[in-house]
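# Summary of the model geometry
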Amino acid sequence: MSTEAVEETPGASDKKPYCIKRDIETSAREAETGENIILQNEREIASHVISVDDDPSLNPWTFRAFFIGLGLSAFGGSLAQIYYFKPQTVNVSLMFLGIISYVIGLAMETFIPRHGLLRYLNPGPFNKKENAFIIIMASAAANSALATEVLAVQRLYYNITPNAISSIFLLFSSQLLGYGIGGLMRGILLYSSKMLYPGVLPLLSMLDAFYRDGIAARRRLKVFYCVFTAIFIWEIFPQWVFPLLTGLSIFCLVAPGNATVSRVFGGSNGNEGLGLLSLCFDWQYISSNAGNPMAIPLRAQVLSSFIGYVLCIIVFIAIFNNNIWESQNFPFLAQLLFYENGTVYDQTLIMNSNYEVDPTLVAEQGLPFYAGTWIVNLLSMNLGLGATFTHLLLWNKDDLSAAWTWINMDTLRSWRANFDWKFWKHSGEREVPANTEDLDPHYREMLKYPDAPNSWYFLTFVLSFIVGLVVIYKTNSTLPWWGFVIAVLLATVSILFFGALSAITGIGLSIRTEETLVQMIAGYLHNGRPMANMFFVLTVQNTVSQALLLLRDLKIAQYAKLPPRAAFIAQIIGTLLGAVLNYALMNSIIDNEREILLSVQGTNIWSGQQPQSYNSQAIAWGGLAHELFSSGQRYQWVPLSYLIGLVAPLPFWIIHRYWPRLRMDYYYIPIICYYIGALSAGINSSVVSYYIVSFLCQWWLRTRYPRWFVEYNYLVGAALDGGTQVMVFILSFAVQGATGKAHLIPEWWGADQSGNYDRCLSL
């Protein structure tokens, strides 16, 4: 199942007041008191769910913090790149980073002597600010840089291998460009109470619990150790010894030679089928659908996504059985481009020596085709993106308008008047207003620390911009300088809108969600240049993504009272280290698994679905946008679906306005739209298991055992993520071929190495 779904976390967008009792974002202390405190706004949420207190004596600048931070950054950066080439993309969990850094720090505090050189590894009690410093550094590294996707496509489909220096600088510039822009928008998107960032509240609530009550924290950690160890050992079986556990389907076992059964009920291998009624016992794939099912609120994601999931199965089967877009000529699930006869389209035969599409060569080869299910995926993403704008304007108008009140001429004039380009002379001291009652209580506590001034972020932006301009001419990008400038401007506007959207409501639009729109813009700006399309998308999407990650991590620092300069240093170090490791792992995996990455289906270990889709989209939009997507052409409904998406939420809003008892406010239309194409790629056998776990945790446990839910639900979820991710990391290098030859388990009934692991027909 595709993982690029929108996630909604209950935040300021909810119309109902927050209630401490039994709320999923409740701190342990408040839950245990049994208080029934109604939280009316973001300021009260932030000051009750997490602690406002600060201890300035706590020191984050310890050798221990750097030691653990660099180690977890190396782990997270490597694992993120490994997951990029997996059938399902899984993010390294923030909760896991928080807990594992606490466990390691506590172990170093307990077992390492505090004398001699060892005192640097154990300067004293492991404190909350060290923990926050490590989390921010590791989370900055634990992302697969989008630039590696461009480099992977160049190697796999263009036979271009840019030199290492150009590649590393491409990674550095693309990763830091968003940091520069996002950092300059801190006053708009960070400091205000309105910018709640509800997604980080469970993490900060957990840290408060760890450092507020040491005895209770150690008791909860025993549960973490047990769950972590159990899932760590268990993952050996579905990942290596007994891969049938990835997707157990009774229908496949009964009718192993039926193609229809394989398409509908199969799902243990990449691009196999829809996985209907299959059961998955691999936590890696269960938690990859839309995030950890133990953490995502039932109403926020499960209800709407389940409706979309059911519609997806119906629509996919209807499209294929009715041979719409000649779907039966092509694989049921695929991200590649095809000739009309179903063979893979050779894109090199339609491009000239400058990597531009030649109309004469296109006429000779014919226009390419997509699999019908992939077109539905493109339609659903566009529907969802259009629906998001309308939904927010209808349901969250007040929240969004409040965010934009920050942007006014007085603010901009003040920013310009106070800007000083001599960044090395900045003390970082900030003036404390005479009246601090209107300030966010967490931000008010942060004013005592020297700031990382705007000039630091401006310098980061300027250097990244200059390096980016140079690199696009050194990596065969075909993107002109003015196209790069337009991409940066588009990214800046997107950061303002999507940053406010994410901070206020907790709704995060993924890179893939916005990608089609950006590719369409690039296709009409640089028609006939697929490579330019890829670099344009890289500049826009990665800049937006990195800016939102920076702002999220700075909010963690603000809530944890980590000094701004410590947060800045942690982010820069983690990002640069992660980028280098991303590049090294990308090259190693391509060298060793090239044929699998180029295949349509891949395996349940490795898959090239992400570079495949990125490349095919670049060819279609960058080289053939007019021929495929314009009015009257084969796929004209893909861009038109934006307009349909804009009006999709209106009927539900009108019904709720006049007949509120029907509770149309429980249905989030953008999520329903996105999930209509959610099964278009990857391993789909885990979907049913995902909803079972979601229902058990977010309804049964939460309502029947609320105290256990508050104390242990997030902890157990983080342990499951952590133990799984560590074992996947080990197996990727030990037996699955990340850096050499793969050593699969010898074939037996539970490990069909010559076909699909669930024993469905391999098509």
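Source: prediction; values computed, not measured.

### Here's the deal with the overall build of the protein
If you tally the helices and strands in the protein, you get 31 helices and two strands. Taking all 763 residues of the protein together, the buried fraction comes to 61%. Surface exposure of the protein reaches about 28,400 Å², of which carbon and sulfur atoms provide 64%.

### Focus on the state of the cysteines
Applying the stated criterion across every chain, the model contains one disulfide. Residue C252 pairs covalently with C760 via a disulfide, S to S 1.9 Å. With the S-S dihedral at roughly -80 degrees, the linkage between C252 and C760 falls on the left-handed side. Pair noted here: C252 is in helix α12 (residues 250-254) and C760 is in the segment after α31 (706-734), with a separation of 508 residues, a long-range link. Residue C252 is classed as buried on the basis of its relative accessible area of 0%.

### Structural notes on the nonpolar core
Of all hydrophobic cores here, the largest spans 198 residues; its most connected members are F85, I99, Y158, L204 and Y370. By residue number, the principal contributor to this core is helix α24 (residues 530-560), which donates 17 residues.

### Some remarks on the side chain of N122
Tracing the backbone shows N122 in the loop between α4 (94-111) and α5 (128-141). Once residues lying within four places of it in the same chain are set aside, the contact partners of N122 are R64, M108, E109, I112, P113 and R114.

### What about the packing of aromatic side chains?
Summed over all chains, the structure comprises 35 aromatic pairs. Pairing Y370 with Y635 gives two aromatic rings, centres 6.0 Å apart and planes at 50 degrees, and the pair type is tilted. Here Y370, found in the loop between α16 (359-365) and α17 (372-395), pairs with Y635, found in the loop between α26 (609-629) and α27 (637-647); they are 265 residues apart in sequence, far enough to count as distant. Take Y370: its relative accessible area is 0%, and that puts it in the buried class. Its relative accessible area of 1% is what places Y635 among the buried residues. Each member of the aromatic cluster is reached from another via a ring pair, and the members are W325, Y370, W621, F629 and Y635. Above the plane of the ring of W606 lies K86, whose end atom (NZ or CZ) is 4.8 Å from the centre. Here R634 stacks its cationic end above the ring of F369, 3.6 Å away from the centre of that ring.

### A look at the packing of α24 against α26
Running from amino to carboxyl end, α24 crosses α26 at an angle of 115 degrees, the nearest separation of the two axes being 8 Å. On the basis of the axis angle, α24 is roughly perpendicular to α26. Crossing handedness for the pair α24 and α26: right-handed. Side by side, α24 and α26 meet where P530, N533, M534, V537 and L538 of the first sit next to Y614, A618, I619, W621, G622 and G623 of the second. Its residues assigned to classes, the contact of α24 with α26 shows eight nonpolar, three polar and no charged.

### Notes on the packing of helix α6 (residues 146-157) against helix α25 (residues 564-598)
Two quantities define a packed helix pair, namely the angle between the axes and the distance from one axis to the other. Two elements in contact, α6 and α25, have axes whose closest approach is 10 Å; the angle formed by their N-to-C orientations is 40 degrees. Relative to α25, α6 is oriented oblique. Regarding α6 and α25, the two cross each other, and that crossing is right-handed. On α25, the residues touching T148, L151, A152, R155, L156 and Y157 of α6 are N582, Y583, M586, N587, I590, D591, R594, L597 and L598.

### Observations concerning the pattern of salt bridges
Under the definition given, this model contains nine salt bridges. A salt bridge links D54 to K448; the shortest N-O distance between them is 3.1 Å. Placement of the pair is D54 in the loop between α2 (42-49) and α3 (63-84) and K448 in the loop between α20 (441-446) and α21 (454-474), with a sequence separation of 394 residues. We classify D54 as buried; its relative accessible area is 19%.

### Considerations on unusual backbone geometry
One non-glycine residue with positive phi stands out, namely E326, at about 55 degrees. Along the chain, E326 falls in the loop between α15 (298-321) and α16. We note that T478 has phi near 65 degrees; this positive angle belongs to a residue other than glycine. Accessibility expressed as a relative area gives 23% for T478, which makes it partly exposed.

### Observations concerning a nonpolar patch on the surface
Together, I233, W234, F237, L279, F281, I692, F695, L696, W699, W700, Y705 and W708 make up an exposed nonpolar region whose accessible area comes to about 1,100 Å². Elements that contribute at least two residues to the nonpolar patch include exactly α10 (214-234) and α30 (687-704). The element best represented in the nonpolar patch is α30, accounting for five residues. With respect to the secondary-structure elements, F695 resides in helix α30. Residue classification places F695 among the partly exposed positions, given a relative accessible area of 41%.

### As for α4
Between its terminal C-alpha atoms α4 stretches 26 Å, which fits the 26 Å expected from 18 residues at 1.5 Å a residue. Most of α4 is tucked away, with 14 of its 18 residues classed as buried.

### Regarding α21
The end-to-end C-alpha separation of α21 is 30 Å, in line with the 30 Å expected for 21 residues at 1.5 Å each. Of all the residues in α21, the buried ones are S455, W456, Y457, T460, F461, S464, G468, V471 and I472. Residue N476 follows α21 closely and has a positive phi angle near 55 degrees.

### Thoughts on the environment of L121
Here L121 shows up in the loop between α4 and α5. Once the C-alpha coordinates of L121 and I68 are considered, the two residues, 53 residues apart in sequence, prove to be 9.5 Å apart. Once you skip the residues sitting within four places of it in the chain, L121 turns out to touch F63, R64, F67, M108 and I112.

### Looking at the environment of L383
Mapped onto the fold, L383 is located in helix α17. For the pair L383 and V647, spaced 264 residues apart in sequence, the C-alpha to C-alpha distance is 9.5 Å. With residues up to four places along the chain from it excluded, the contact list for L383 reads S641, I644, G645 and C673.

### Some thoughts on the environment of F458
Within the secondary structure, F458 sits in helix α21. For F458, a relative accessible area of 36% translates into the label partly exposed. Along the chain, F458 and G180 lie 278 residues apart, while their C-alpha atoms are 5.7 Å from each other.

### Some thoughts on the confidence of the model for the protein
Across the protein, the average pLDDT comes to 83, with 84% of residues at 70 or higher. No element of the protein has a lower mean pLDDT than strand β1 (residues 18-19), which averages 36, and none a higher one than α5, which averages 95. Every residue in residues 2-40 scores below 50 in pLDDT, and together they form 112 contacts with partners more than four places removed in sequence or on other chains.

Rules behind the numbers
- Residues numbered from 1 in each chain as written.
- Predicted model: local features only at pLDDT ≥ 70, side-chain atom pairs only at ≥ 80, totals over all residues.
- Heavy atoms only, no water.
- Helix = DSSP H or I, 4+ residues; strand = E, 2+ residues; numbered from the N terminus.
- Buried < 20%, exposed > 50% of the residue type's maximum accessible area, 1.4 Å probe, protein only.
- Areas by Shrake-Rupley, 256 points an atom, 1.4 Å probe, with all protein chains shown as cover.
- Disulfide = S-S within 2.5 Å.
- Core = buried A, V, L, I, M, F, W, Y, C linked by side-chain atoms within 4.5 Å.
- Contact = heavy atoms within 4.5 Å.
- Phe/Tyr/Trp six-rings, centres within 6.5 Å; stacked < 30°, edge-to-face > 60°.
- Lys NZ or Arg CZ within 6 Å of the ring centre and 35° of its normal.
- Axes fitted to C-alpha atoms, helices over the stretch in contact; angles between N-to-C directions.
- Parallel < 35°, antiparallel > 145°, perpendicular 65-115°, else oblique.
- Left-handed = near helix turned anticlockwise from the far one by under 90°.
- Nonpolar A, V, L, I, M, F, W, Y, C, P; charged D, E, K, R; others polar.
- Salt bridge = Lys/Arg side-chain N within 4 Å of Asp/Glu carboxyl O.
- Patch = residues over 30% accessible without salt bridge, like charges linked within 9 Å, V, L, I, M, F, W, Y side chains within 5 Å.
- Expected span 1.5 Å × (residues − 1).
- pLDDT = per-residue confidence, 0-100.

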